Amino acid sequence: IGPTTNRFTYADNKHGSKTQIGFSAGLSTHWNIRDNIKLIVGSSYALYRAPLLDANHPFANPLYRHQHAIHVPVMICKQFNTEAADIRLGSYIGIGGFYNHIWADNFGDILNPHQYGLQYCIGFKLNKFAFEFTVYRQTNSLFTTESDMPKTSNTGGMTTLKLFF
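The rules behind the values
Residues numbered from 1 in each chain as written. Predicted model: local features only at pLDDT ≥ 70, side-chain atom pairs only at ≥ 80, totals over all residues. Heavy atoms only, no water. Helix = DSSP H or I, 4+ residues; strand = E, 2+ residues; numbered from the N terminus. Buried < 20%, exposed > 50% of the residue type's maximum accessible area, 1.4 Å probe, protein only. Contact = heavy atoms within 4.5 Å. Areas by Shrake-Rupley, 256 points an atom, 1.4 Å probe, with all protein chains shown as cover. Salt bridge = Lys/Arg side-chain N within 4 Å of Asp/Glu carboxyl O. Lys, Arg positive; Asp, Glu negative; His and termini not counted. Polar contact = N/O pair within 3.5 Å; in protein donor to acceptor, adjacent residues only side chain to side chain. Core = buried A, V, L, I, M, F, W, Y, C linked by side-chain atoms within 4.5 Å.

Q: Help me understand the overall build of the protein chain, please; the structure alone is not making it clear to me.
A: Across its full length, the protein chain carries zero helices and nine strands. Starting at the N terminus and ending at the C terminus, the protein chain contains elements arranged as β-β-β-β-β-β-β-β-β. Out of the 165 residues belonging to the protein chain, those deemed buried represent 39%. Looking at the protein chain alone, contacts between residues at least 24 apart form 57% of all its contacts between residues at least 6 apart. Counting only carbon and sulfur atoms, one obtains 63% of the accessible surface of the protein chain, whose full area is about 9,400 Å².

Here it is as structure tokens:
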């Protein structure tokens with residue numbers, strides 16, 4: 001569970017929109033492949049919000065857009081663990097991909113409901129809790145057609161507090 005940040009990045013114009021705060025909540029599993037390598041797979045609800053700029057009128061007021069998505073990350077991580085007495089400390093860094101299925105938005109018919117991209121994370125563990133920060137970048141286009149809009153993608157981050165069972 002935690003906040004998200006999101007902005008739209010415009011590849012052709014080399015600029016982006018202002019970052020807005022959203023929300024995410026979900027479940028993830030961490031599989032230890034080796035002593036210091038783990039695989040993270042999860043699924044979460046995410047609310048992404050950001051202002052959409054008009055490429056033809058850059059000084060006009062932006063339209064504030066939101067997307068409700070199912071976010072599915074897959075990452076491979078390098079772990080750095082320490083155990084002392086009853087305290088288990090650790091950290092990890094990871095890289096991988098994600099898939100977002102947008103199931104509700106206020107864009108109309110122009111939004112691509114299947115979004116995917118790359119992400120990386122850094123996390124810190126203390127006993128059964130973990131704090132993770134993930135940065136993601138969509139690699140396919142936000143829109144189904146590029147005729148009216150420039151190539152646009154989602155870029156942002158997720159800050160997550162995790163509890164392990």
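Q: What am I meant to see in the pattern of salt bridges here?
A: Close approach of charged atoms allows side chains of opposite charge to pair. Scanning all chains against the criterion turns up one salt bridge. Taking the shortest distance from any N to any O, the salt bridge between Glu132 and Lys162 comes out at 3.0 Å. Taken together, the positions of Glu132 in strand β8 (residues 129-138) and Lys162 in strand β9 (residues 152-163) put the pair 30 residues apart, joining distant regions of the chain. Under the relative-accessibility criterion, Lys162 is labelled buried at 11%.

Q: Quick question: what am I supposed to make of the side chain of Lys38 here?
A: With respect to the helices and strands, Lys38 occurs in strand β4 (residues 37-52). Glu132 is the oppositely charged side chain nearest to the buried, salt-bridge-free Lys38, at an N-O distance of 6.1 Å. Of note is the side chain of Lys38, whose polar atom sits 2.9 Å from the side chain of His30. Sequence-distant contacts of Lys38, defined by excluding residues within four places in its chain, comprise His30, Trp31, Asn32, Ile33, Met75, Ile76, Cys77, Gln79, Tyr92 and Lys125.

Q: Mind showing me how you'd approach the nonpolar core here?
A: Note that soluble globular proteins tend to have their nonpolar side chains buried in a common cluster. Judged by nonpolar contacts, the single largest core of 15 residues is most densely connected at Phe8, Tyr48, Leu52, Phe107 and Leu142. Of all the secondary structure elements, the ones that give two or more residues to this core are β1 (2-10), β4 and β6 (87-105).

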